[in-house]
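Coordinates in review
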Amino acid sequence: MIIRDVIVTPIAFRDPPLLNVAGVHEPLALRSIVQVVVDGGVVGLGEGNGGAEFTEWLRRAVPAVIGKSVFDLNGIERAIDEALSFGADALARRDLRSVLAPIDVAAHDAQGKILGLPVSELLGGAVRRRVPYSAYLFYKWADHPDAGTGRIAGADEWGEATTPDGIVAQARALIDRYGFESIKLKAGVLPPDEEIAAIRALAEAFPGYPLRIDPNGAWTVETAERVAAEVGGLLEYLEDPVLGLDGMSQVRAATGLPLATNMCVVAFEQIPEAVRKDSVQIILGDHHYWGGLRHTRELGMVCETFGIGLSMHSNSHLGISFAAMTHLAAASPGLTYACDTHYPWNRGDDVIVPGALEIVGGSVAVPTGPGLGVELDEAALARQHRVYLDSGRRERDDAGYIRRFQPDFDPRLPRF
């Protein structure tokens, strides 16, 4: 089964004004949709990072992939590396993995369609029929402001969340709608005392729910230790409280809390140092930058070897990525924590036919159809591609966007 074509389509879709350590999400998020076309008209679907630069990387990889067997994942990876890792435009290793990822997912989807098997079976077999996800909370504005006046145009369906009460209300809305059984708060946005108050409010409102907080390296070691002393007993784990393996190691030694990361361990070559320093106890894998499904499945095996917990990181994404995450989690025996997902925030502009992926009771049933088990909505893809073209948006810039309304915003870390 030979790859005859690879179609790369950049898209843009609506994103709420979610606050984070880098600024605030812009009105449109960017992604790339990949279609790998093989003999017989079988089409495998993949979804990856967005933006003009990443789209260009993908398009540079296309000639290297055409002519390869869709089952030759090693050959596909080698061809991409050879095409993009030399010359003046050579990509760094992490960027090469990000380019490989959506093509790898699309190849797995095509393989499953050819064999009549779900992707989870291709990854070794599902060890769970439902994959748990957590309620992913954000500090957020009521809606995107008008760039000229700074005034809020009108509340979106989620409303504002800039106080402990607002965060609790957001959690309740997500839990009522989707049945989540664990909660994560994206932090590093407000002074630590305010975020401590939010965790306490969540613990009171949802007794017994596992809680997590992720300041994305916004804190100093001293601040992280203070937060741990205040609310450590309420947390399932603390995610990326500080920058770097040395800082994480200091926080771990001082607090004894399990520390998770999707920032300081993002490649296999970083794992040995993390293990030596006891810097992380949970790795949040993400097939978008670990090099696709096969390599992220390998990450799970490495984590099991060293007794490291495993969960999944998320960024703004749509249903193809959500399906890929679900199959990968289903086939990862060492998955020890509910996964992160932005899907409730972004599903309104999805490019797959609705119904295949529903969060019920805080989890998603693993699709049992061939491949990823999702179907591309061609009209929706064309619609979101048109949004991309008409918007003029070509790269993500959370800091630049927030500076329209807060000119003195400084993205440098640590902040508190």
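Scroll up for the structure.
Here goes a summary of the coordinates provided. Everything numeric in this text was worked out from a predicted model, so none of it was measured.

Turning next to the pairing of strand E10 (residues 235–239). Burial of E10 is extensive: 4 of the 5 residues sit out of reach of the surface. Note that strand E9 (residues 211–214) and E10 share 3 bridges and pair parallel. Residue Ile213 lies in a different strand from E10, and its bridge partner there is Leu238. Between the parallel pair E9 and E10, the chain is carried across by helix H7 (residues 221–231), and the sense of this crossover is right-handed.

So, about the sheet that holds strand E14 (residues 359–360). One key point about sheets: their strands pair by backbone hydrogen bonds, in either a parallel or an antiparallel sense. Strand order across the open sheet formed by 3 strands is E6-E15-E14, with antiparallel pairing between neighbours. Each end of this open sheet is capped by a strand with a single partner; those strands are strand E6 (130–132) and E14. Pairing analysis gives 3 bridges linking E6 to strand E15 (residues 363–365), with the strands arranged antiparallel. Each residue of the ladder has a partner; that of Pro132, found in E15, is Ser363.

Core analysis: the biggest nonpolar cluster contains 103 residues, and Leu137, Leu202, Val265 and Ile283 have the highest contact counts within it. Top element by residues in this core is helix H12 (residues 319–330). It accounts for 8 residues. Excluding anything up to four places from it in sequence, Leu137 contacts Ile167, Gln170, Ala171, Leu174, Ile183, Lys184, Leu185, Lys186 and Leu202.

The rules behind each value
Residues numbered from 1 in each chain as written. Predicted model: local features only at pLDDT ≥ 70, side-chain atom pairs only at ≥ 80, totals over all residues. Heavy atoms only, no water. Buried < 20%, exposed > 50% of the residue type's maximum accessible area, 1.4 Å probe, protein only. Helix = DSSP H or I, 4+ residues; strand = E, 2+ residues; numbered from the N terminus. Pairing = 2+ DSSP bridges. Right-handed = clockwise from strand over helix to strand, strands pointing away. Core = buried A, V, L, I, M, F, W, Y, C linked by side-chain atoms within 4.5 Å. Contact = heavy atoms within 4.5 Å.

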